[in-house]
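# Secondary and tertiary structure notes
So you can see what is in the structure, the chains are spelled out below.
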Amino acid sequence: MKFENTLEFAQKLDGEDKLRSYRDEFYFPKVNGKQVIYFTGNSLGLQPKRTQKFVDEVMTDWKNLAVEGHFHSEKPWWDYHEQLAAPLAKVVGAKTEEVSVMNTLTVNLHLLMVTFYRPTTKRYKILCEEKAFPSDQYMLQSQVRHHGLDPEDALVEVKKREGENFWRTEDVLQKIEELGDELALVLIGGVNYYNGQVFDMETITKAGKAVGANVGWDLAHGAGNIELKLHDWDADFAAWCSYKYMNSGPGNASGVFIHERHLNKKDIPRFEGWWGTKKETRFLMKPEFEPMPNADAWQLSNPPVLSVAPYLASLEMFEEVGMDALINKRDRIVAYLEFVLHEIDAEMDGTTFEIITPEDRGTQLSVFLHGQGKPLFDYLMENGVITDWREPNVIRLAPAPFYCSYEDMYRFGQILKEGIKTI
C-alpha cells in the first residue's frame, strides 16, 4: 500500500481497521485535557475497562463468602488460575497443559533455572545476549554463583557486530557450535527490550538442542506481541510478564511454559509447594509431594486471585480477537509509523532518525534521534505523547494494536515536527 502522511489518509486506515472498536475498551490518560498518544504498551499496557468487573467479582465473593469463596464462588479461587491456561496457550503456541500462571517473571525464571540449569564439571556454560535486560543479568549471575561458579567464566554473551545495532542469527549459531558440550543452557530474551529485535527462536532452539543444551526464552516483550510456537519449536521452557502487551496491570502475574516432555515427572529437579500437588489429594495434607501432571506442578502457593483476575479479563479479549488479527494490524500500523518517521525526517534539516530495530520486529520501533536530545522527549511528553527514553538518545515507540490508531501515528508525527522546530 502507498501511504500518505495526511490526517485524511490516517482516518481512512482507521475506518478499515477491524479492531477499531477495541480502542474504546481501554482507559487512556489525559494530558492538557486531551487523550494521550500512548506508545508504552511495551512497558505497561493500558487498563481494559472490563478489568474492573473481574476484580469486583473477586471482592464481592470475598465480602459475601469469605473462605468459602475458594470453592463456592462462581469462579472458585482454588483453581482460578486454570481458567487462563487455554487462552494463554493460544497466545504462546503451546498445549494447555504446558502453561501455567504464577508469581512474577524473574521469580519464575529463578524457579525454572532450578529445573533447567543443572551444571556439571564439563557442561556448565550459559549463553545469553549482550546487555540482556538487567533483571535477567542479575538472575543469571546469581544462579551461576549459587552453583559455586564464576559468572565471568560461565556466562557467555553473543555480541552485536561492530557498528551494527542488531544481532545476527549466524553469530548466535556459531557461538552455540563453539561452546558445544560445555553449553548447559541457552537463555535469551526472545524480543530484545532495547532495539525491539525478534530473535529466530525456532532456529536457535534447534541449534541449542543439537549440542545437548536446554533452551529457554524470556518473552517479556514477546507474549501478546509476536507469533509464538513454543511447543512446535521444542523449547524446554519460557516465562513472560503479563503487564506489557497483555494489559494485566502493574507488576502482575507471570506466565510459564514447560514443554510436555518435562511434565508428569516426580523425580525432576524442582522447588515444590502444595499448590503443585494433585488437586484430588491436595487437602489430605499428605507428607509426600504428588505433582500435578501439567505445568501447575511448578506452582508453589495458592494463586493471588486479585492479581490473576485482571489477566483473565485481558485474555478474554485475546480470545475474542486472536493473535492473527492483532499481528495483521501490528504490521500495518508499525509500517505506517515508520513511514511517518521517514516523512518527518525528510522535512527537517539537520535531523536524522535512525530506526535501529531490524526487519525481524514486533510492535516496537527504537529510534536514534541524531541531532536531538532529552529536551525533544520532554516536549513530546508535555504535549501528550507518552513514550519511552533510553540513553544515549533513543526513544522506543510501541503502537499496541489493541488500542493505538493510525490517526495517533499521524498526530505524533505533527507533534514531533513541532517539537524539532521549537527546541
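Residues numbered from 1 in each chain as written. Predicted model: local features only at pLDDT ≥ 70, side-chain atom pairs only at ≥ 80, totals over all residues. Heavy atoms only, no water.

## Some thoughts on the nonpolar core
Judged by nonpolar contacts, the single largest core of 104 residues is most densely connected at Trp217, Trp240, Tyr336 and Phe412. The dominant element in this core, judged by the number of residues it contributes, is helix H12 (residues 323-347), at 11 residues. Each of domain 1 (7-49 + 323-422) and domain 2 (81-302) gives at least three residues to this core. Discounting chain neighbours no more than four positions away, the residues touching Tyr336 are Phe3, Glu4, Asn5, Thr6, Phe9, Ala10, Leu13, Tyr406, Met409 and Tyr410. (Core = buried A, V, L, I, M, F, W, Y, C linked by side-chain atoms within 4.5 Å. Buried < 20%, exposed > 50% of the residue type's maximum accessible area, 1.4 Å probe, protein only. Helix = DSSP H or I, 4+ residues; strand = E, 2+ residues; numbered from the N terminus. Domains from an automatic or database assignment. Contact = heavy atoms within 4.5 Å.)

## Digging into the pairing of strand E8 (residues 214-218)
Counting buried positions along E8 yields four of five residues, so the element is predominantly enclosed. Alignment of strand E7 (residues 183-189) against E8, held across five bridges, turns out to be parallel. Looking across to E8, one finds that Leu185 is bridged to Asn214. A crossover links E7 with its parallel partner E8, the connecting element being helix H9 (residues 201-210), and its sense is right-handed. In this sheet, strand E9 (residues 237-240) lies alongside E8 in parallel orientation, the contact comprising three bridges. (Pairing = 2+ DSSP bridges. Right-handed = clockwise from strand over helix to strand, strands pointing away.)

## Section: the sheet that holds strand E4 (residues 99-102)
Strand order in the open sheet made by the seven strands is E4-E10-E9-E8-E7-E5-E6, with mixed pairing throughout. Two strands lie at the open edges of the sheet, namely E4 and strand E6 (155-158), each paired on one side alone. Shown here is a sheet whose adjacent strand axes are inclined to one another by a mean of 20°, direction ignored. Lying over the sheet, H9 contacts E7 and E8, oriented at roughly 150° with respect to E8. (Axes fitted to C-alpha atoms, helices over the stretch in contact; angles between N-to-C directions.)

## Focus: the UniProt feature "modified residue: N6-(pyridoxal phosphate)lysine" (unreviewed entry) in the protein chain
With numbering aligned to this structure, UniProt lists the feature "modified residue: N6-(pyridoxal phosphate)lysine" (unreviewed entry) at Lys244. Mapped onto the elements, Lys244 comes out in the loop between E9 and strand E10 (254-258). Judged by its relative accessible area of 11%, Lys244 is buried. Among residues more than four places away in sequence, those in contact with Lys244 are Gly41, Asn42, Ser43, Leu44, Gly45, Ala220 and His221. (UniProt positions renumbered as here; feature names shortened; annotations may be inferred.)

## Section: the packing of helix H2 (residues 51-65) against helix H11 (residues 305-321)
When two helices pack together, you describe them by how their axes are tilted relative to each other and by the distance separating the axes. Contact geometry for H2 and H11: axes closest at 8 Å, N-to-C directions at 145°. Handedness of the crossing formed by H2 with H11: right-handed. Taking contact as the criterion, the partners of Thr51, Phe54, Val55, Val58 and Met59 in H2 are, on H11, Val305, Leu306, Ala309, Pro310, Leu312, Ala313 and Glu316. A breakdown of the residues in the contact of H2 with H11 according to their chemical character gives 10 nonpolar, one polar and one charged. (Left-handed = near helix turned anticlockwise from the far one by under 90°. Nonpolar A, V, L, I, M, F, W, Y, C, P; charged D, E, K, R; others polar.)

## Digging into helix H13 (residues 374-382)
Residues Leu376, Phe377, Tyr379 and Leu380 constitute the buried set of H13. Along the axis of H13, the buried positions cluster into a sector of 160°, meaning they face one direction only. Phi for Gly384, located one or two positions after H13, is positive at around 90°. (Arc of directions from axis to C-beta.)

## Description of the environment of Gly384
Inspection of the secondary structure puts Gly384 in the loop between H13 and strand E13 (385-386). The exposure class of Gly384 is buried, given its relative accessible area of 7%. Separated by 288 residues in sequence, Gly384 and Thr96 have C-alpha atoms that sit 41 Å apart. Setting aside residues no more than four positions away along its own chain, Gly384 makes contact with Val31, Val36 and Ile37.

## Looking at the UniProt feature "binding site: pyridoxal 5'-phosphate" (unreviewed entry) in the protein chain
In the numbering adopted here, UniProt assigns the feature "binding site: pyridoxal 5'-phosphate" (unreviewed entry) to Leu105, Thr106, Phe133, Pro134, Ser135, Asp136, Asp218, His221, Tyr243, Trp274 and Asn302. Over a stretch of 198 residues, the named residues are scattered through the fold, their C-alpha atoms separated by up to 31.6 Å. Along the chain, the position of Pro134 falls in helix H6 (residues 134-146). With relative accessibility at 27%, the residue Pro134 sits in the partly exposed group. Counting through the fold element by element, Trp274 comes out in the loop between E10 and H11.

## Some details on helix H1 (residues 7-16)
Residues of H1 that are buried include every one of Phe9, Ala10, Leu13 and Asp14, and no others. One face of H1 carries all of its buried residues, which in axial projection span an arc of 145°.

## Some remarks on unusual backbone geometry
In this structure, Pro392 follows Glu391 across a cis peptide bond, with omega equal to 5°. Take Pro392: it is sitting in the loop between strand E14 (388-390) and strand E15 (394-397). The phi dihedral of Asn32 falls on the positive side, at around 55°, and the residue is not glycine. One can find Asn32 in the loop between strand E1 (30-31) and strand E2 (34-35). For Ala66, which is not glycine, the phi dihedral falls at a positive 50°. Relative to the elements of secondary structure, Ala66 occurs in the loop between H2 and helix H3 (69-72). A relative accessible area of 40% places Ala66 in the partly exposed class.

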